[in-house]
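The chain contents come next:
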Amino acid sequence: MKKGQITEGIVERVQFPNKAVVRCEDGGICVVKNALPGQKLSIAINKVRKGKAEGRILEVLAPGEGERENACPHFGVCGGCNYQTLPYETQLALKEGQVKALLEPVLQKQTEAYVWEPIHRSPDVYGYRNKMEFSFGDGYKDGPLELGMHKRGGFYDIVTVSDCQIVDEDYRKILKTVLEYCREQGFSFYHRLRHTGYLRHLLVRKAVKTGEILIALVTTTQESHDLTGLKDALLSQPLNGRITGIVHTENDSVADAVKSDASHILYGQDYFYEELLGMKFRISQFSFFQTNSRGAEVLYRTAREFIGDVGRDEQGNPDKVLFDLYSGTGTIAQMMAPVAKKVIGVEIVEEAVEAARENAELNGLHNCEFLAGDVLKVLDDIEEKPDFIILDPPRDGIHPKALGKIIAYGVDRILYISCKPTSLARDLEIFLERGYHVERVTTVDMFPGTVHVETVVLLSK
C-alpha cells in the first residue's frame, strides 16, 4: 500500500478503543477509525510505516451484519457515539471481546486458574447520562451559533445535538432554551484559535433518583452580560426534573476544557443530590461522579460482591483497614465502609476530597478518612497499613512508582476497576511479575452506544 492510494475493503474486527482492522481488496491490512465489523468501506490511505497502513473512511459502501437504522439523527456527524447502529447485545459482545483480546495474552502467563464472568449490561440503553458538557461554536466557518458536540473528526466545528438520545428530554429542552436565548442576544462564542469571544460551554447535570438539575453556563470575562433573562427562560421550562441551581462560571483559560476561575450563583445553589444504593451524595458542577447513575449501581454492586466480607474479629466486628486509591468523591469508599474497620481514600482533586468528606458525614459514616494529594506522595505519609486495596485510577492507569508502593504493602487481595483496558493490561503485567494473580474478571457497560467499557479485576497474592 502507498500513501494517497484509494482502496476498498471489509472490516474484519474492531479493536479497543476505536480501531477497525480492514482487509483490503489487494490483500493488505489497513486500520481506520469509526467503522463497524463487517462494513465494506472505501478508504484513502493516509500513512504507511513499517508495513502498517492507516487510512480514513471515504464512504461506507455496505453496512455490517445486523446494523440497523439509528434512532439518533446526529449519529455519524456528532463525534460522541460509535456503536448506536448496532443492536445492544451486539455492542455488549463487541466490548467484552475487545477487553478479552487485550487481557487474555497477559492472563495466560499465570499458572493459576481465573474466572471470566459475562459482561454486565447497563439498565438503560438510552437517556442514561447524568452529565453533559456541551460546547458553543459554529457548524462551519462564520456560520450561526451552535451548541452541542464536536463534529466527528473535527476540533472546531460544532453540531447542535438537539435530539441527542443518550440524555433525557430535560437536557434537550435546556440546550434549546440556552441556544435560542444566546442567539437572540447576539452573544459571541469563544474562538479556540483566536482566543476571543464570550460563550464557552454549557454544563448540565441531573440526578436520576432525585430529579434535581444543576446548570452551569461557562463564559470568558471578555464581555459582560446580564443573564437574568436566561435564568428566567430556563425556570419557565416545563421539565420532568427540578432545577436546583443555575450558575455562571467564568473561565479565561486557553485550554478547551470546562474549568472555573470564578462562579456566580444565578439561582438556587451550586450543588444537587443524587442517591446510589441507599446512600446520598452531594454533587457540584465539577465533582467526579459516574455519568451513568443506574449503571454505577451495577458497577458498585459488582465490586462489592467481588470484595465480599473483608474480615471480622472474634466478636464479629469489622477489623480490617481498606485503602481506596484514586477515590474521587468517595463513592466506593462509602460503599465499603460498613464492612471495614476504617477506609482511607486518596484523591488528587481537592474539591472531590471535600465532597467525599461531606458525603460521608451525610451518610453517617464515621470510619472514613479522605486525603488530598497524589497517590504516589500521599502513601508515604499514611501511618496505617492496609489489609485490602481498591484501585480506580484515571484512564492512563497507575504511575509505575505508585504501583511499586502499592504492591510493596503485600496485601492479600486488590480490586482494580479500570475505564481503559489498555492501561489495565499494562498494569496487570506488573502485578503478575510481582507475585499476584487474577482470580476474577468481568466487564460492566456504563456507556451504551459508545466505545467505552469498565473492567473489574480481583487480584490475589
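The structure this text deals with has already been given above.
Residues numbered from 1 in each chain as written. Predicted model: local features only at pLDDT ≥ 70, side-chain atom pairs only at ≥ 80, totals over all residues. Heavy atoms only, no water.

Draft legend 1. Local environment of the overall build of the protein chain. Along its length, the protein chain carries 9 helices and 22 strands. Dimensions of the protein chain along its principal axes, counting C-alpha atoms only, are 70 × 65 × 35 Å. Residues classed as buried in the protein chain amount to 53% of the 461 residues present. Sequence separation of 24 or more characterises 62% of the internal contacts of the protein chain that already satisfy a separation of 6 or more. Surface summary for the protein chain: the accessible area is close to 20300 Å², and the carbon and sulfur share equals 48%. (Helix = DSSP H or I, 4+ residues; strand = E, 2+ residues; numbered from the N terminus. Buried < 20%, exposed > 50% of the residue type's maximum accessible area, 1.4 Å probe, protein only. Contact = heavy atoms within 4.5 Å. Areas by Shrake-Rupley, 256 points an atom, 1.4 Å probe, with all protein chains shown as cover.)

Draft legend 2. How the structure looks around unusual backbone geometry. Geometrically, the link from Phe16 to Pro17 is a cis peptide bond, its omega value of 0° lying close to zero. With respect to the helices and strands, the residue Pro17 is situated in the loop between strand S1 (6-15) and strand S2 (19-24). The phi dihedral of Asn34 falls on the positive side, at around 65°, and the residue is not glycine. Residue position: Asn34 is located in the loop between strand S3 (29-32) and strand S4 (40-49).

Draft legend 3. Molecular detail of empty space enclosed by the protein. For the structure shown, the criterion picks out 2 cavities of 30 Å³ or more. One number sums up the size of the largest cavity: a volume of about 40 Å³. Arg68, Gln84, Gln91, Val125, Tyr126, Ile166, Pro448 and Gly449 are the residues that line the largest cavity. Per-class residue counts for the lining of the largest cavity are 4 nonpolar, 3 polar and 1 charged. In this structure, the second largest cavity occupies an estimated 30 Å³ of space. For the second largest cavity, the full set of lining residues is Val178, Leu202, Ile215, Leu217, Leu230, Leu234, Ile246, Val247 and Leu266. Every element with two or more residues in the lining of the second largest cavity is listed here: strand S11 (212-219), helix H3 (228-235) and strand S12 (242-250). Broken down by class, the residue content of the lining of the second largest cavity amounts to 9 nonpolar, no polar and no charged. (1 Å grid on protein atoms, 1.4 Å probe; cavity = no way out; pocket = protein on both sides within 12 Å on 5 of 7 lines; lining within 4 Å. Points joined across faces, edges and corners; volume = space filled by probe spheres on them. Nonpolar A, V, L, I, M, F, W, Y, C, P; charged D, E, K, R; others polar.)

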